[in-house]
Amino acid sequence: MMRVVVVVVVMVAWRGEAVTTKTRFLKLDASRGDGSVLLSKSVSTRLECAALCAQLSGVGYNMELAAENPNNCTVLGTQTGILADGNSTLYCGICKILGDLCSVTADCTLIEPAAVCSAGVCVCPDGYATNDGVHCTVVPAAFGASCTADVQCQATTNYTVCSGSPKTCVCNSSFNVNSTNNGCVFDYAGNGFTSQNGRVVKIYGLFGSWDDGMNKCNSVYAQMYMPLSSSDWNWMDKYKLDATDLGVAFPINDKASDGNIVWNNGSAVGSVAYLQWTNNDPFATNTPFSNCVGMYRSTFATPAYISFLACGAPFPASPAIPPSVICEAPA
């Protein structure tokens with residue numbers, strides 16, 4: 001647990017030289033400052049380390065407590081962060097806590113990353129509060145409740161924002177209220193999905209690889225369209241490949257185990273009559289470097305087939321006719 005106390009070094013002597021500093025140091029137990037090092041050496045006391053820090057115009061210092069290196073003093077020229085370290089105590093001269101004066105938000109964030117500089121003072125941002133004067137915690141707000149910041153809503157309900165007048169927790173622009181009025185569901189219709197034989201789908205084009213197509217479907221809370229019958233296959237063949245392009249990502253891979261060919265949902269592909277593999281053999285194009293499947297046509301007049309390809313490589317289709325992916329909403 002981090003403990004913060006104030007240490008003010010007024011005057012110390014080192015090697016007969018008087019060193020005066022009015023820098024306030026915050027003592028952080030079990031912590032180590034991360035940054036550029038001006039000096040690292042063994043000292044007799046912490047005050048000696050403080051004197052070195054003052055003499056070198058350091059921003060703080062670490063006192064190491066490890067048995068193999070007791071009282072090692074490390075003076076920091078810059079400090080970019082604070083690391084947990086049970087064998088060290090950090091004395092930070094630039095750390096600020098809530099209520100301290102500041103110029104920019106970066107002045108306030110070494111100890112409390114959520115803090116902001118407002119009207120020249122380090123404070124918790126909207127939607128946060130403090131119980132100890134040091135740390136900021138989110139004040140949660142339930143769906144439909146009053147709020148001041150998005151983070152309050154998102155602490156209790158996914159896909160929400162703080163909006164309206166007066167401000168309340170509501171679904172964001174791509175989501176609708178669910179059937180029980182206590183959360184949000186993706187608005188598939190509003191985002192261009194349409195019904196195809198009772199399945200809700202959308203075709204996306206202009207992506208670079210099979211992985212890109214998978215990521216696109218994931219980003220709209222969907223999965224790659226999986227043909228469950230010969231009629232589904234024929235729809236992909238005729239509607240998709242005839243109308244749009246010569247290549248579409250197909251929901252089969254062997255990413256987890258080379259040669260263990262599965263649908264994207266993890267179920268075994270097995271022997272499925274309507275799947276038309278290159279040379280009628282799923283292993284004809286399957287290599288250790290080709291672990292995902294695409295559906296192709298050589299020309300618009302030839303039947304579609306599926307073949308393995310490298311998951312992250314550019315989809316091997318005509319550059320003039322970009323490959324695509326069919327995303328399906330969950331049932």
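Here is a short report on the structure shown in this document. (Residues numbered from 1 in each chain as written. Predicted model: local features only at pLDDT ≥ 70, side-chain atom pairs only at ≥ 80, totals over all residues. Heavy atoms only, no water.)

**Observations regarding helix 1 (residues 46-55)**
Next, step 1: By the burial criterion, the buried members of helix 1 are E48, C49, A50, A51, L52 and C53.
Next, step 2: Of the residues flanking the end of helix 1, it is S57, one or two places downstream, whose phi is positive at about 55°. (Buried < 20%, exposed > 50% of the residue type's maximum accessible area, 1.4 Å probe, protein only. Helix = DSSP H or I, 4+ residues; strand = E, 2+ residues; numbered from the N terminus.)

**Considerations on the state of the cysteines**
Next, step 1: One pass over the full model with this rule turns up ten disulfides.
Next, step 2: Disulfide partner of C49: C73, at an S-S distance of 2.0 Å. Between C49 and C73 the disulfide shows an S-S torsion of about 75°. By sign, it is right-handed. Of this pair, C49 sits in helix 1 while C73 sits in strand 8 (residues 72-76), and the two are 24 residues apart along the sequence.
Next, step 3: The class for C73 is buried, based on a relative accessible area of 0%.
Next, step 4: The structure places no disulfide on C53, whose sulfur is separated from the nearest cysteine sulfur, that of C49, by 7.0 Å. (Disulfide = S-S within 2.5 Å.)

**Thoughts on the nonpolar core**
Next, step 1: In this structure, F250, I252, L275 and I306 are the most contacted members of the largest nonpolar core, which totals 21 residues.
Next, step 2: Those elements that provide at least two residues to this core are helix 4 (230-243), strand 22 (247-253), strand 24 (292-296) and strand 25 (305-309).
Next, step 3: Other than its neighbours up to four places away in sequence, I252 contacts W210, I261, V262, W263, N264, V269, L275, W277, C292, V293 and I306.
Next, step 4: Judged by nonpolar contacts, the second largest core, of 19 residues, contains C171, W210, C217 and C311. (Core = buried A, V, L, I, M, F, W, Y, C linked by side-chain atoms within 4.5 Å. Contact = heavy atoms within 4.5 Å.)

**Focus: the packing of aromatic side chains**
Next, step 1: Enumeration according to the criterion identifies 15 aromatic pairs in this entry.
Next, step 2: A ring pair is formed by F175 and F186, whose centres lie 5.4 Å apart and whose planes are at 80°; its orientation type is edge-to-face. Placement of the pair is F175 in strand 17 (residues 175-177) and F186 in strand 18 (residues 184-186), with a sequence separation of eleven residues. Neither residue differs from the other here; F175 and F186 are each classed as buried.
Next, step 3: Measuring from centroid to centroid gives 6.1 Å for F250 and W263, while their planes differ by 40°, and the two rings are tilted. Taken as a pair, F250 in strand 22 and W263 in strand 23 (residues 262-263) lie far apart in primary sequence, 13 residues in all.
Next, step 4: Here a set of aromatic residues connected by ring pairs shows up, and it is made of Y159, F175, F186, Y188, F193, Y204 and Y221. (Phe/Tyr/Trp six-rings, centres within 6.5 Å; stacked < 30°, edge-to-face > 60°.)

Spatial relationships are all this shows, so hold off on functional conclusions.
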